Amino acid sequence: MFELPVSSPESVGIDSEQIERMIRRLQANQIPMHSILLMRHGQLVYEGYYKPYTKEKLHRMFSISKSMVSLGIGYLITRGVLHLDDKIVDYFPEKCPAHVHPYLQEMTLHNMLEMRTCYSQTTYKLNLTTDWVESFFIAEPDHPAGTIFHYDTSSPHVLCALVEKLAGVPFWDFMKSMVFHGLDISEDSYMLTDPNGVSMGGSGLMCTSMDLMKIGYFLSCKGTIFGETRVSERYIDLAMSLISPTIMKAPLPSEACGYGMQFWKTERNGTVCYGMGGQLLIMQPEADLICVTTADTQGYNGGNQFIYNAFYEEILDRLSEESLKDMPDTAQRQASLKDLTQTLAIAPVAGRYAVPMQHQINGKIYEIEENAIDVSKLSVSFDEDGGCLYLKTADDTWEIPFGFGECQVIDFPIYHMCAAASGAWIGNDCLYVKCHLCDTSVGSVHFQLQFAGNRVVVYMKKTEESLFHEFSAKHLIGYHR
C-alpha cells in the first residue's frame, strides 16, 4: 500500500502557526472549505477535512479532470501511439459530416490540449441532448484552430473519448491501471459519464483529496515513478509551461497568468490543476511545495482568489529553507493546529436559533398557490437542535432537515444526494436554510422563508452547475387557513 511520507510542518520549513493562520483566514472570509493538504520536499505535512468530508470521501473535482486527460494523452504519446500533430478528425471519421470545415480538418491534438480549438464555447452545451462527442465535429467553427485561447470543455471530453477508444476501457480505469499504477489511487474513484456513456473528461472526476496529492507527487517526479517512465518529462514540462495567453478571458488575477496543455499557470510561477468551486492542485516547483484544496466557492465572488491569496501569503511567502523544529513553542504550535483541525466543519448558517414566532408557526400547514413545481403544501417543524422543512407535491413530500448551530447531514430529496444543512433566523420573521451539496453535485440550495400573519413567501435558489432546477430562483406563496 503506497502512502506518502508524513512529517511535521516545521521539519520542512513551515511554521504550524502559518497553516493555522491560513485556515482561520479562510474561515474569516466565510469560504466553504472541504479539505486542505500540504506537501513539501516529498513529505505530507498537513491534512485537514471539514465535516462531513473525510479522507475517504470522494469529491467531485470538476475541471481537474482536464489535466488528467492531458496525462492520459501524454502516456499514449510517450509510447508512440499518438502524436501532438495528429488530426483529431482522423480518429473519429464516423462522427464527421460529409463536408468537414477546413478549420476543423486542420485541428491537431496539440491545438485541443492548449485550448486553441476552432470553437469559442463548449460545443455540447449548444444542445445537451446531442451526442457530446459528435457535437465537436458538427458544430460550426468560427476561427482557425491554434490561434486564440477559448475555454472549451468539449475539447478534453473528445480527447477522453479518444483514450477510451484506443484503450478499450473506461478512462479512469485506464489511468489507475496504466498511468498511476502503484500510487494506490482510491479503488472506488471514477469518472461520471455523459448521456452516451463516455467519461466526462472535462468535469467528471470523482476522487479523494489524497488522490490529488498523490497525482501532484507523480507530477513532481516528472512522470517517472517506481523506476518507470509513465509520461515523459518532456511532455510534462510542455504541458505545464506557458503556451496560451488567458488574460482576455480571466475573471480573476489567478486565471490571467496563462495556460499550458490542460494545466493553468499561477501568479507565483507555478502550475495548477483547476476545478470549479475551489478544487485546486497548486504546484510551486521552485519551493518544492504542493497544496491541495477542495471547496465550494460557487456564489462567492472571487472565492478562489481568497484561497490562492491565503496560500500564497500565509504559506508560500513565509517558507524557510531550514528546519524550524527547534523554534520556541514548536510543540505548542503543533498542538494548537491539531486542535483546530479536529474542529473543522462546514460552517452553519449564522443567526438566531429561536424567535417568538417560531412557536406560532411550528407544524402549521400552509396551502401553496399554484406554482411551476407543483408544491401544494408547506410546513416547518422545530426542536432544540434544528428543524425540518416539508414541501408536499402530488406525488411526494420533500423533507429537508436542518441543524441549528451546526450542519446536519441529510439525504437531499429528489436527487438523494448527501448534503449538510443548517438554518437560522436572520430576522424576527425570516428563516434561512442552506444545504451544502456534498455528492456528485457540489454546490448549495437555499431557502428564505418570510412569515407575516397567516402568509409565508418562500424564495429558493441554487448554486449548482446542471441539476436542482426545481429550486432555481423560484417563489412559493402560501397561507395558513
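None of these values were measured; they are calculated from a predicted model.

Sorry if this is basic, but what is going on with the overall build of the protein chain here?
Counting its secondary structure elements, the protein chain contains 12 helices and 21 strands. Over its C-alpha trace the protein chain gives a radius of gyration of 24 Å, about what one expects of a compact globule, namely 23 Å for 481 residues. Based on the C-alpha atoms only, the size of the protein chain along its principal axes is roughly 75 × 70 × 40 Å. Considering the protein chain as a whole, with its 481 residues, one finds that 57% of them fall into the buried category. As presented, the protein chain carries roughly 19800 Å² of accessible surface, and 50% of it is formed by carbon and sulfur atoms.

Where do I start with the pairing of strand 11 (residues 289-295) in this structure?
Within a regular strand, side chains alternate between the sheet's two faces. In terms of burial, strand 11 is a largely internal element, 7 of the 7 residues being buried. Along strand 11, one buried face is formed by Leu-289, Cys-291, Thr-293 and Ala-295 and the opposite face, lined by Ile-290, Val-292 and Thr-294, is buried too. Across 7 bridges, the pairing between strand 1 (residues 33-40) and strand 11 is antiparallel. Each bridged residue has a counterpart across the sheet, and for Ser-35 the counterpart in strand 11 is Thr-294. By the bridge criterion, 5 bridges tie strand 10 (residues 279-284) to strand 11 in an arrangement that is antiparallel. Residue pairing for strand 11: Ile-282 is matched across the bridge by Cys-291. Turn length for the strand 10-strand 11 hairpin, with the two strands adjacent in sequence and antiparallel, is 4 residues, and the turn residue Asp-288 shows positive phi of about 50°.

What is the right way to look at the packing of aromatic side chains in this model?
For any two aromatic rings, the description comes down to two numbers: the centre-to-centre distance and the angle of the planes. One pass over the structure, following the stated rule, counts 28 aromatic pairs. Arranged with centres 5.7 Å apart and planes meeting at 65°, the rings of Trp-398 and Phe-471 form a pair that is edge-to-face. Taken as a pair, Trp-398 in strand 15 (residues 397-404) and Phe-471 in the loop between strand 20 (455-463) and strand 21 (474-479) lie far apart in primary sequence, 73 residues in all. Given a relative accessible area of 7%, Trp-398 falls into the buried group. Every member of this aromatic cluster is reached through a ring pair, and the members are Tyr-353, Tyr-366, Phe-382, Phe-402, Phe-404, Trp-425 and Phe-451. Above the plane of the ring of Tyr-75 lies Arg-79, whose end atom (NZ or CZ) is 3.9 Å from the centre.

Help me out: how do you make sense of the sheet that holds strand 2 (residues 43-49) in this one?
Hydrogen bonding along the main chain pairs the strands of a sheet, whether they run parallel or antiparallel. In space, the 6 strands of this open sheet follow the order 2-1-11-10-9-8, with antiparallel pairing throughout. In this open sheet, the two strands that pair with only one neighbour each are strand 2 and strand 8 (264-265). Where strand 8 meets strand 9 (residues 271-275), 2 bridges bridge the pair, whose relative direction is antiparallel. Each residue of the ladder has a partner; that of Lys-265, found in strand 9, is Thr-271. In this fold helix 2 (residues 64-78) packs onto strand 9 and strand 10, with an angle of close to 125° to the strand it touches most, strand 9.

I tried to follow the side chain of Asp-15 on my own but got confused; where do I start?
With respect to the helices, strands and loops of the structure, Asp-15 is situated in the segment before helix 1 (16-28). A polar atom in the side chain of Asp-15 sits 2.9 Å from the backbone nitrogen of Glu-17. Here Asp-15 is in contact with Glu-10, Leu-324, Met-327 and Arg-333, once residues within four sequence places are set aside.

When you look at the packing of helix 1 against helix 11 (residues 330-342) in this model, what are you seeing that I'm missing?
Each pair of packed helices can be described by the angle between their axes along with the distance between the axes. Closest axis-to-axis distance for the helix 1/helix 11 pair is 8 Å, and the angle between their directions is 30°. Considering their axes alone, helix 1 and helix 11 lie roughly parallel with respect to each other. Both helix 1 and helix 11 take part in a crossing whose hand is left-handed. Facing Ser-16, Glu-17, Ile-19, Glu-20, Ile-23, Arg-24 and Gln-27 of helix 1, the residues of helix 11 in contact are Arg-333, Gln-334, Ser-336, Leu-337 and Leu-340. Each residue belonging to the contact of helix 1 with helix 11 can be placed in one class, and the counts come to 4 nonpolar, 4 polar and 4 charged.

I keep staring at the pattern of salt bridges and nothing clicks. Help me out?
Oppositely charged side chains can form a pair if their charged atoms are brought close together. Counted under the stated rule, the structure contains 17 salt bridges. For Arg-25, the salt bridge identified is with Glu-313, shortest N-O distance 2.8 Å. Within this pair, whereas Arg-25 is found in helix 1, its partner Glu-313 is found in helix 10 (residues 303-314), the two being separated by 288 residues in sequence. Glu-314 is paired through a salt bridge with Arg-318; the nearest N and O atoms lie 3.7 Å apart. Judged by relative accessible area, which is 7%, Glu-314 ranks as buried. It is possible to trace a salt-bridge network through shared partners that takes in Arg-21, Arg-25, Glu-313, Glu-314 and Arg-318.

Just checking my understanding: could you explain the side chain of Ser-199 for this structure?
For Ser-199, the location among the structural elements is in the loop between strand 4 (190-191) and strand 5 (205-207). Here the side chain of Ser-199 touches Glu-164 through a polar contact of 2.5 Å, side chain to side chain. Look past the residues within four positions of Ser-199 in its chain and what remains in contact with it is His-157, Cys-160, Glu-164, Phe-171, Met-191, Leu-192 and Thr-193.

When you look at the sheet that holds strand 4 in this model, what are you seeing that I'm missing?
One open sheet accounts for 3 strands, arranged 3-5-4; its pairing is antiparallel. The two strands at the open ends of the sheet, each matched to only one other strand, are strand 3 (59-60) and strand 4. Taken together, the 2 bridges between strand 3 and strand 5 define a ladder with antiparallel strand orientation. Looking at the pairing, His-59 lines up with Cys-207 of strand 5.

So what exactly am I meant to see when it comes to helix 8 (residues 209-220) here?
Three- or four-residue spacings in an α-helix give side chains the same orientation, since the helix completes a turn every 3.6 residues. In a regular helix each residue adds 1.5 Å, so 12 residues correspond to 16 Å; helix 8 covers 17 Å between its end C-alpha atoms and thus fits that length. Of all 12 residues in helix 8, 10 are buried, a share of seventy percent or more. Two residues or fewer past helix 8, Lys-222 is found with a positive phi of approximately 60°.

Any chance you could explain the pairing of strand 13 (residues 377-383) here in plain terms?
Relative to strand 13, strand 12 (residues 366-368) runs antiparallel, the two being bridged by 2 bridges. For Glu-367, the partnering residue across the bridge sits in strand 13 and is Lys-377. Here strand 13 pairs with strand 14 (residues 386-392) via 7 bridges, running antiparallel. Paired with Leu-378 across the strands is Leu-391, a residue of strand 14. Between the end of strand 13 and the start of strand 14, which pair antiparallel, lie 2 residues.

Reading guide: rules and limits
Residues numbered from 1 in each chain as written. Predicted model: local features only at pLDDT ≥ 70, side-chain atom pairs only at ≥ 80, totals over all residues. Heavy atoms only, no water. Helix = DSSP H or I, 4+ residues; strand = E, 2+ residues; numbered from the N terminus. Rg over C-alpha atoms; globule rule 2.2 N^0.38 Å. Buried < 20%, exposed > 50% of the residue type's maximum accessible area, 1.4 Å probe, protein only. Areas by Shrake-Rupley, 256 points an atom, 1.4 Å probe, with all protein chains shown as cover. Pairing = 2+ DSSP bridges. Phe/Tyr/Trp six-rings, centres within 6.5 Å; stacked < 30°, edge-to-face > 60°. Lys NZ or Arg CZ within 6 Å of the ring centre and 35° of its normal. Contact = heavy atoms within 4.5 Å. Axes fitted to C-alpha atoms, helices over the stretch in contact; angles between N-to-C directions. Polar contact = N/O pair within 3.5 Å; in protein donor to acceptor, adjacent residues only side chain to side chain. Parallel < 35°, antiparallel > 145°, perpendicular 65-115°, else oblique. Left-handed = near helix turned anticlockwise from the far one by under 90°. Nonpolar A, V, L, I, M, F, W, Y, C, P; charged D, E, K, R; others polar. Salt bridge = Lys/Arg side-chain N within 4 Å of Asp/Glu carboxyl O. Expected span 1.5 Å × (residues − 1).

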